[in-house]
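# Summary of structural features
Residues per chain are reported as follows:
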Amino acid sequence: MSERMNSIVAPGRVAVITGAAKGIGLAIARALAARGMKLALLDLDTDALEDVTSSLDTDTLVVSGDVSDISALARLQDETASRFGDVAILVNNAGITQGAGPWDDPAKWRRQIDVNFGGVLAAQHVFVPYMINTARPSAVVNLGSKEGITTPPGNAAYSVAKAAVKVLTEQLSHELLKETGGRVSAHLLVPGYTWTPMNIALKPQGAAKPDEAWTAEQLVEYFLARLLDEDFYIICPDNAVTSAIDARRIRWAADDMILNRPALSRWHPDWMDKFAAWLKTGH
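Below: a short report on this structure. (Residues numbered from 1 in each chain as written. Predicted model: local features only at pLDDT ≥ 70, side-chain atom pairs only at ≥ 80, totals over all residues. Heavy atoms only, no water.)

Of the voids in this model, the second largest pocket is the one considered here, and its volume is about 290 Å³. Looking at the second largest pocket, it is lined by 15 residues, and the ones nearest its centre are Ile-149, Thr-151, Ala-253, Ala-254 and Asp-256. Residue composition of the lining of the second largest pocket, grouped by class: nine nonpolar, three polar and three charged. (1 Å grid on protein atoms, 1.4 Å probe; cavity = no way out; pocket = protein on both sides within 12 Å on 5 of 7 lines; lining within 4 Å. Points joined across faces, edges and corners; volume = space filled by probe spheres on them. Nonpolar A, V, L, I, M, F, W, Y, C, P; charged D, E, K, R; others polar.)

Our focus in this paragraph is the sheet that holds strand β9 (residues 233-235). Reading across from one edge, β3-β2-β1-β4-β5-β6-β9 is the order of the seven strands in this open sheet, with parallel pairing throughout. At either margin of the open sheet sits one strand with a lone partner, and together these are β3 (60-64) and β9. Put simply, the sheet's adjacent strands are angled 15° from each other on average, direction ignored. Note: strand β1 (residues 14-18) against strand β4 (residues 89-92), three bridges, orientation parallel. What sits directly across from Ile-17, in β4, is Val-91. Sheet strands touched by helix α4 (residues 70-83): β1, β2 (38-43) and β3. Its angle to β3, the strand with the most contacts, is close to 160°. (Pairing = 2+ DSSP bridges. Helix = DSSP H or I, 4+ residues; strand = E, 2+ residues; numbered from the N terminus. Axes fitted to C-alpha atoms, helices over the stretch in contact; angles between N-to-C directions. Contact = heavy atoms within 4.5 Å.)

Here helix α5 (residues 106-133) crosses helix α6 (residues 156-180) at 15°, and the two axes come no closer than 8 Å. Our classification of the angle between α5 and α6 gives roughly parallel. Considering how the two elements wind past one another, α5 and α6 form a crossing that is right-handed. Of the residues in α6, those touching α5 at Trp-109, Gln-112, Ile-113, Asn-116, Phe-117, Val-120, Leu-121, Gln-124, Val-128 and Ile-132 are Ala-156, Ala-157, Tyr-158, Val-160, Ala-161, Ala-164, Val-165, Leu-168, Leu-172, Leu-176, Glu-179 and Thr-180. (Parallel < 35°, antiparallel > 145°, perpendicular 65-115°, else oblique. Left-handed = near helix turned anticlockwise from the far one by under 90°.)

Next comes the structure, spelled out in structure tokens:
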């Protein structure tokens, strides 16, 4: 753990988490509470938020609201500043997944973009100036996705939104380094296959956790270890995909442009077998 991170993920300091009532957000909240941090939580599910409050053994502020509504984020910031006077870590976790293809109705896209990208952008707008002006080390963690890096076909709106989060977080990291000399940092958390309510909703009712998936708690353990080492890209494996496989998939996707292959060649009928052979043999 770096000295700077030791002062951020620390007893008495404050973590702000969006989408905190369940899944990865809740697992992060529990892990940080166990480390003695105070919490400021936002979620649209008021009942679930109340359950969260009763289950966390720490000073917890709860605000019910939609992450795509900047007034809800402003209320969260105001109440956090008033009650705690501190933001050590902002975790932009809230997200949704709903199918929308390249020529679908823009209205189907709008909700995906508004939540998965707009919510992150708005939270940064509301919280980052406060974090800069508070003369203490702090960090922003944005939830990306492998679908925003290798952009597999089938869920274009989600991939576009998460690709935008990746670029935004890279830009944020650079500007914060210039502005604060590294006192405030940014980090991109990219989960692997994780068994969360968002993924459970895509399965038949009563489906058991697949062997391939991690639990949210496994993901958070991996995330915190990498965060405490000051990593920017925190790309998580799972029980089926190793970090080495992730690296090769990312390299193949980047090489589509460098080698002028067809778009998304990993799934292209003329290239699928070549990709599989390359992944297996390493050349």
